[in-house]
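Structure assessment
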Amino acid sequence: QEYLTSKLEENEFIVDGDIITVGEYQFEIDREQLIIIDELGQENNNPLKIRKKEDIIEFRNKINQGETFEGQIVTLEANIDLAGLEWEPIGTSENPFKGTFNGKNRTINNLTINSTEEKNNIGLFGYVEDGKVENLKVSGTVTANGSSVAGIIGTLLNGEVNNCINNVQVTNTSTTLFNTGGIVG
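To keep things clear, this report deals only with the structure shown in the data block. Along every chain, residues carry numbers that run from 1 in the direction the sequence is written. Reporting of local features is limited, given that this is a predicted model, to residues whose pLDDT is at least 70; pairs of side-chain atoms are given and counted only at 80 or more, and all residues count toward the totals for whole chains, interfaces and linings. The basis for every side-chain value is the complete set of non-hydrogen atoms in the structure, without hydrogens or water.

Note on backbone geometry: most residues besides glycine have negative phi, and most peptide bonds are trans. The backbone phi angle of N121 is positive, close to 65°, even though this residue is not glycine. Segments assigned H or I by DSSP are reported as helices when at least four residues long, segments assigned E as strands when at least two residues long, and all are numbered from the N terminus. As for its position among the elements, N121 is in the loop between β7 (100-118) and β8 (125-129). Buried means the residue's accessible area, taken with a 1.4 Å probe over protein chains only, is under 20% of the maximum for its type, while exposed means over 50%, and partly exposed covers the values in between. Residue classification places N121 among the buried residues on the basis of a relative accessible area of 16%. Of note, D130 is a non-glycine position whose phi angle comes to about 55°, a positive value. Examined against the element boundaries, D130 turns out to sit in the loop between β8 and β9 (132-145). Overall, D130 belongs to the partly exposed group, its relative accessible area being 43%.

As structure tokens, this is what we get:
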């Protein structure tokens, strides 16, 4: 046990599918029974780790189709470049994001939204309700014609934003709809 503990503490292990190799030992993971325990001994529910552009698109699609992630933590494991992609916001008023998104001080670059039609809830996240977005940097350009327009969260209802940095140029072309901001609209 001491040998395994030292190897785990030194991060000397390999994960290959459902097999973890620690030194000369191999363990099969039963993913249905796997619970991640953090340093405080509390269960840490990380249903989704975002590592590439395709992951954040999949995450967005799940939210926009009705999966709220309420009570769950989503983490950004690498900087993501959205270059070449016209972004559709994460979350709508009908299907808001309700979990915690921890950017782990990483950056989503080249966010691009260019909407000339009247739309509300525009940003990387369109609508966050009772959720949290933290430790995230976003860069890019958002041009919209609507209400609740921002670089990071278009609409935030009863939620939290902590330690986020907006480097998105935000422009709202509407002359009648407002609530435009850098981090939150």
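Moving on, we get to the side chain of T100. With respect to the helices and strands, the residue T100 is situated in strand β7. Residue class for T100 comes out buried when judged on its relative accessible area of 18%. If near-sequence neighbours (up to four positions away) are discounted, T100 is found in contact with Q72, I73, V74, K132 and E134. Residues are treated as being in contact if the distance between any of their heavy atoms lies within 4.5 Å.

In this structure, F59, F101, L124, F125 and L136 are the most contacted members of the largest nonpolar core, which totals 31 residues. Counting only elements with at least two residues in this core, the list comes to β4 (48-50), α2 (53-64), β5 (73-76), β7, β8 and β9. Sorting elements by how many residues they give to this core places β9 first, with five residues. In plain words, nonpolar cores are sets of buried Ala, Val, Leu, Ile, Met, Phe, Trp, Tyr and Cys residues tied together by side-chain atoms within 4.5 Å.

Note on aromatic contacts: the rings of Phe and Tyr and the six-membered ring of Trp form a pair at centre separations within 6.5 Å, being stacked when their planes are under 30 degrees apart, edge-to-face when over 60 apart, and tilted otherwise. A full pass over the atoms with the stated rule returns six aromatic pairs. Here F59 and F69 contribute two aromatic rings whose centre-to-centre distance is 5.4 Å and whose plane-to-plane angle is 75°, an arrangement assigned as edge-to-face. Note that F59 is positioned in helix α2 and F69 in the loop between α2 and β5, a separation of 10 residues in sequence. Side by side, F59 and F69 carry an identical accessibility label, which is buried. Ring-pair connections join several aromatic residues into one group, and the members of that group are F59, F69, F97, F101 and F125. The rule for a charge over a ring is simple: NZ of Lys or CZ of Arg within 6 Å of the ring centre, and within 35 degrees of the ring normal. A cation over an aromatic ring shows up here: R60 above the ring of W87, its NZ or CZ 4.7 Å from the ring centre.

In short, the description is geometric, and any link to function would need to be established separately.
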